[in-house]
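# Reading the structure
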Amino acid sequence: MAAGLIGRPLRLRQRDMPSAPTSPASPPQHRPLLALLIRLGAIAAISTMTALVKLASAHGVHLAEIMFWRQGLTIPIILAWVMATGSLAQLKTNRPKTHAVRGIYGMIGMVLNFSAFIMLPLAEATTFGFTAPIFAVILSVILLKEKVGIYRSAAVALGFIGVIVIAQPGSGHIQPLGAAVALGAAFMIALISIQVADLNRTEKPLTIVFWFAAFSTPVAALFLPFVGKAHDGTTWALLAGIGVVGTVGQLLLTAALRYGAVASVIVMDYSSLIWATLYGWLIWDQLPPTATWLGAPMIIAAGLVIAWREHHLHRRRLEAARLAEKEAAL
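Reference entry: report on the structure contained in this document.

How each quantity is defined
- Residues numbered from 1 in each chain as written.
- Predicted model: local features only at pLDDT ≥ 70, side-chain atom pairs only at ≥ 80, totals over all residues.
- Heavy atoms only, no water.
- Helix = DSSP H or I, 4+ residues; strand = E, 2+ residues; numbered from the N terminus.
- Contact = heavy atoms within 4.5 Å.
- Areas by Shrake-Rupley, 256 points an atom, 1.4 Å probe, with all protein chains shown as cover.
- Core = buried A, V, L, I, M, F, W, Y, C linked by side-chain atoms within 4.5 Å.
- Buried < 20%, exposed > 50% of the residue type's maximum accessible area, 1.4 Å probe, protein only.
- Expected span 1.5 Å × (residues − 1).
- Arc of directions from axis to C-beta.
- Patch = residues over 30% accessible without salt bridge, like charges linked within 9 Å, V, L, I, M, F, W, Y side chains within 5 Å.
- Salt bridge = Lys/Arg side-chain N within 4 Å of Asp/Glu carboxyl O.
- Phe/Tyr/Trp six-rings, centres within 6.5 Å; stacked < 30°, edge-to-face > 60°.
- Lys NZ or Arg CZ within 6 Å of the ring centre and 35° of its normal.
- Axes fitted to C-alpha atoms, helices over the stretch in contact; angles between N-to-C directions.
- Parallel < 35°, antiparallel > 145°, perpendicular 65-115°, else oblique.
- Left-handed = near helix turned anticlockwise from the far one by under 90°.
- Nonpolar A, V, L, I, M, F, W, Y, C, P; charged D, E, K, R; others polar.

A tally of helices and strands in the protein chain yields 15 helices and zero strands. Sequence-distant contacts, at least 24 apart, represent 91% of the contacts inside the protein chain between residues at least 6 apart. A total accessible area of about 15,300 Å² is found for the protein chain, and carbon and sulfur atoms account for 70% of it.

As structure tokens, then:
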């Protein structure tokens, strides 16, 4: 989801961290059409999960318990799959420390993301999530000291204008805390995309998702004695749905990054606004106000400009690298 981090984050991690051991995972293949289709399915699944999270919260389930079932159900689902299709060796990793860091960041991101959807209407929370590419550009300046040109600078400015239009500070339309949490979630999405892209170099999507659940589930379980309680059948069904649909969505998101660049597949992320609007209307009888329809295109346009610019710069870097190789061979 963080279009602004394509290419550059991998260089950052390779520069600042020891080189990762090679795992048995086959190297990623570039299949852009497949990546787009996978990403579209992933967004449908994740959008459904967020609606279920909001419903579960309305049924009185604490956020920590929602997170436990979201992550805890992932483990038996993946174990059952790998045992049916091969062996547990598929989940072997030589990068446990990297997975642990991804688990910490992922837990923080999940807390912020779920909280945003609980606190805000679905469409508004979803739209704020579209600012992830904007934060990616900011991270590239802060972490990589990269010079950002007029295109991306204008896109960042346009995106934040869109945020202001939607939030309408002082109007009471959007909870300030909810907007801040949603923007924090978008920031974490940008940061986590660095880790996922890096892990995809050596790990299979199944391995990445499994170890995220393996590291985060025990942490969430620590809170269960304080927040867990009995539920009716409907609530248990919601929690089961969150775990199953969330696992499918996360697997698909990770797989999409394996077969295509973030800058190429990010366009599919904006379909989540359609799902959010549909679920908001069908379940809560809510439709986005005029401010959201005015601000959302600004944020989406900003993300698309950033994605286009990143794709263009990535191609220029590849062409420069090829030219340098030809000159070196002469």
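Counting residues in hydrophobic clusters, the biggest one holds 38 residues, and the most contacted among them are L120, L122, F128, F130 and L273. Among the elements that line this core, the one with the most residues is helix α9 (residues 176–199), at 11 residues. When sequence neighbours within four positions are dropped, the list of residues in contact with L122 reads T50, A51, K54, F117, A276, Y279, G280 and W284. Counting residues in hydrophobic clusters, the runner-up holds 22 residues, among them A56, L63, F68 and M107.

Here we take up helix α8 (residues 150–167). Helix length check: α8 (18 residues) gives 26 Å between terminal C-alpha atoms against 26 Å at 1.5 Å per residue, within 8%. Every buried residue of α8 is listed here: R152, A155, V156, G159, G162, V163, I166 and A167. The buried residues of α8 occupy an angular sector of 125° when projected down its axis, which confines them to one face. Those residues of α8 that are exposed and angled more than 90 degrees off the buried face are I150 and I164.

Our focus in this paragraph is a nonpolar patch on the surface. Residues L278, W281, L282, I283 and L287 make up a contiguous nonpolar surface patch of roughly 490 Å² in combined accessible area. Position of L287 among the secondary structure elements: in the loop between α14 (272–284) and α15 (290–329). Judged by relative accessible area, which is 56%, L287 ranks as exposed.

Before going further, it helps to spend a moment on helix α10 (residues 205–221). The terminal C-alpha atoms of α10, which comprises 17 residues, lie 24 Å apart, in line with the 24 Å expected from a rise of 1.5 Å per residue. Among all positions of α10, only P205, L206, T207, I208, V209, F210, F212, A213, S216, T217 and A220 are buried.

Before going further, it helps to examine the packing of aromatic side chains. In this structure the tally under the stated criterion is nine aromatic pairs. Between F130 and Y270, the ring centres sit 4.8 Å apart and the planes meet at 70°, which makes this aromatic pair edge-to-face. Here the residue F130 occupies a position in the loop between α6 (122–129) and α7 (132–144), and Y270 occupies one in the loop between α13 (262–265) and α14, the gap between them amounting to 140 residues. Members of the aromatic cluster, each reached through a chain of ring pairs, are F68, W69 and W236. The side chain of K54 reaches across the aromatic face of W284, ending 5.8 Å from its centre. Against the face of F212 rests R102, its NZ or CZ located 4.0 Å from the ring centre.

Two elements in contact, helix α2 (residues 32–58) and helix α5 (residues 96–119), have axes separated by 9 Å at closest approach and are oriented at 65°. Classed by the angle they form, the pair α2 and α5 counts as roughly perpendicular. In this structure, α2 meets α5 at a crossing whose hand is right-handed. Each of M49, T50, V53, K54 and S57 in α2 lies in contact with α5, whose residues at this interface are F114, F117 and I118. Here the contact of α2 with α5 is built from residues that sort into five nonpolar, two polar and one charged.

Moving on, we get to the environment of A302. If you trace the backbone, A302 turns up in helix α15. Under the relative-accessibility criterion, A302 is labelled buried at 0%. With 168 residues separating them along the chain, A302 and I134 place their C-alpha atoms 7.5 Å apart. Contact partners of A302, with chain neighbours within four places excluded, come to I134, A155, L158 and G159.

The subject of this paragraph is the pattern of salt bridges. Evaluated as defined, the whole model comprises three salt bridges. Residue D269 is joined to R39 by a salt bridge in which the shortest nitrogen-to-oxygen separation is 2.7 Å. Placement of D269 in the loop between α13 and α14 and of R39 in helix α2 is noted, with a sequence separation of 230 residues between them. Residue D269 is classed as buried on the basis of its relative accessible area of 5%. What makes R39 buried here is its relative accessible area of 1%. Notably, a salt bridge pairs R201 with D198, separated by 2.7 Å at the nearest N-O pair. Its relative accessible area of 30% is what places R201 among the partly exposed residues.

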